Amino acid sequence: MIFRTYRVQAAVLMLLATALASWGATAGEVQDRVQARGEVRVCIWPAYQRISFRDPRSGQLSGLDIDLATALASDLRVKLRFVDSSFVTLVQDLQANTCDVAMFGIAMLPQRMEQLQFSTPYLQSDIYAVTTRTSRIVRQWSDIDQPGVQVGVQAGTFMEPVMRQRLKHAGLVSIHLPQTRERELIAGRVDVFMTDYPYGRALIESTEWAALVAPPKPFYTLPYAHASKPGDVEWRAVLNAFVARIRQDGRLETAARRHGLESILLN
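Novice: Is there a simple way to explain unusual backbone geometry in this structure?
Specialist: Both trends apply: most residues other than glycine have a negative phi, and most peptide bonds are in trans. The residue after Leu177, namely Pro178, is reached through a cis peptide bond having omega 10°. Its place among the elements puts Pro178 in the loop between strand S11 (171-175) and helix H7 (181-186). In this structure, Arg77 takes a positive phi of about 60° despite not being glycine. Tracing the chain through its elements places Arg77 in the loop between helix H3 (64-76) and strand S5 (79-84). Taking relative accessible area as the criterion, Arg77 reaches 79% and is therefore assigned exposed. Of note, Asn97 is a non-glycine position whose phi angle comes to about 60°, a positive value. Within the element layout of this structure, Asn97 appears in the loop between helix H4 (90-95) and strand S6 (101-107). Looking at Asn97, the relative accessible area reads 23%, which means it is partly exposed.

Novice: Honestly, helix H8 (residues 197-206) in this entry has me stumped. Any pointers?
Specialist: Along an α-helix, a turn takes 3.6 residues, which lines up residues three or four apart on a common side. If you check which residues of H8 are buried, you get Tyr197, Pro198, Tyr199, Gly200, Ala202 and Leu203. On the buried face of H8, the contacting elements are strand S2 (47-48), strand S8 (123-125), strand S9 (127-132), H7, strand S12 (192-196) and strand S13 (210-213). Capping of H8 at its N-terminal end is provided by Asp196; its side-chain oxygen lies 3.2 Å from the backbone amide nitrogen of Tyr199.

Novice: I'm lost on the packing of helix H2 (residues 29-37) against helix H9 (residues 233-248) in this one. Help?
Specialist: When two helices pack together, their arrangement is given by the angle between the helix axes and by the axis-to-axis distance. Two numbers describe how H2 lies on H9: the axes approach to 6 Å, and their chain directions differ by 70°. With respect to H9, the element H2 is oriented roughly perpendicular. Contact with H2, carried on its side by Val30, Gln31 and Val34, involves Glu234, Trp235 and Val238 of H9 and no other residues of that element. Of the residues in the contact of H2 with H9, the class split is 4 nonpolar, 1 polar and 1 charged.

Novice: Can you walk me through the sheet that holds strand S3 (residues 52-54) in this structure?
Specialist: The pairing of strands in a sheet happens through backbone hydrogen bonds and is either parallel or antiparallel. Spatially, 3 strands are ordered S2-S3-S4 in an open sheet, and the strand pairing comes out antiparallel. Looking along the sheet, the strands with just one partner apiece sit at the ends: S2 and strand S4 (61-62). Judged from the 2 bridges that link them, S3 and S4 form a sheet pairing that is antiparallel. Bridging from a neighbouring strand, Phe53 pairs with Ser62 of S4.

Novice: Explain the state of the cysteines here, please?
Specialist: Two cysteines joined by a covalent bond between their sulfur atoms form a disulfide. Applying the stated rule across the entire model yields 1 disulfide. The disulfide that involves Cys43 links it to Cys99, with 2.2 Å between the sulfurs. What sets the handedness of the Cys43 and Cys99 disulfide is the S-S torsion sign, and at about -105° it is left-handed. In this pair, Cys43 is assigned in strand S1 (residues 39-44) and Cys99 in the loop between H4 and S6, connecting sequence segments 56 residues apart.

Parameters at a glance
Residues numbered from 1 in each chain as written. Predicted model: local features only at pLDDT ≥ 70, side-chain atom pairs only at ≥ 80, totals over all residues. Heavy atoms only, no water. Helix = DSSP H or I, 4+ residues; strand = E, 2+ residues; numbered from the N terminus. Buried < 20%, exposed > 50% of the residue type's maximum accessible area, 1.4 Å probe, protein only. Contact = heavy atoms within 4.5 Å. Polar contact = N/O pair within 3.5 Å; in protein donor to acceptor, adjacent residues only side chain to side chain. Axes fitted to C-alpha atoms, helices over the stretch in contact; angles between N-to-C directions. Parallel < 35°, antiparallel > 145°, perpendicular 65-115°, else oblique. Nonpolar A, V, L, I, M, F, W, Y, C, P; charged D, E, K, R; others polar. Pairing = 2+ DSSP bridges. Disulfide = S-S within 2.5 Å.

Quick look at the structure:
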């Protein structure tokens, strides 16, 4: 299974190279727009704990990609404006120039790479399961793909197509906003839901009812990167240079440690 994980990552990087070759070199439209406006617009999903989360009471944003977006704006010497997005509207928001870059832990799915361009990846995560501590249905990973079990996934996340392909016996439930995975689990409409390491760890540390179930061996690990509209090779180079700088000067590691994500950093 470990070799499968490496093959998945290699296939992702090959698709990226193919996509870049097909797009060809294009003038730096986004960079020109950012500098002319004096502002970089960053799409986030504000429900992503430890990555890009907005506190519902204070309205304050926090997370690794919130810190990195702040660092990007500082490096570019422009103002920063966050734009609410989601995994469902990600492609549409970028292609419609609603934002200049999406920074919210975006997995490099082959389907996304056909429609977007990605920076150098900086994180990676496998799929994890969240159940309740009192569940009698799902206590371990092997309990998930069983007849009668309802498995929840957030619509638009990379877990949705993966679990649709992998589940042989359990049912799949795609959860669309304003419904949430937590609400559906507590209400008993799903028995377990799938997430990644950042969200799962934040959830079990902030609640008394949630239990995190890790796969016993690598299940479907994917790299995460910042996404932008395809075709602007110069803008991608700007983002790649940013990732290289924050790796070298320690800002990436510092931010990851601040949010408890150092174990999934890609070096």
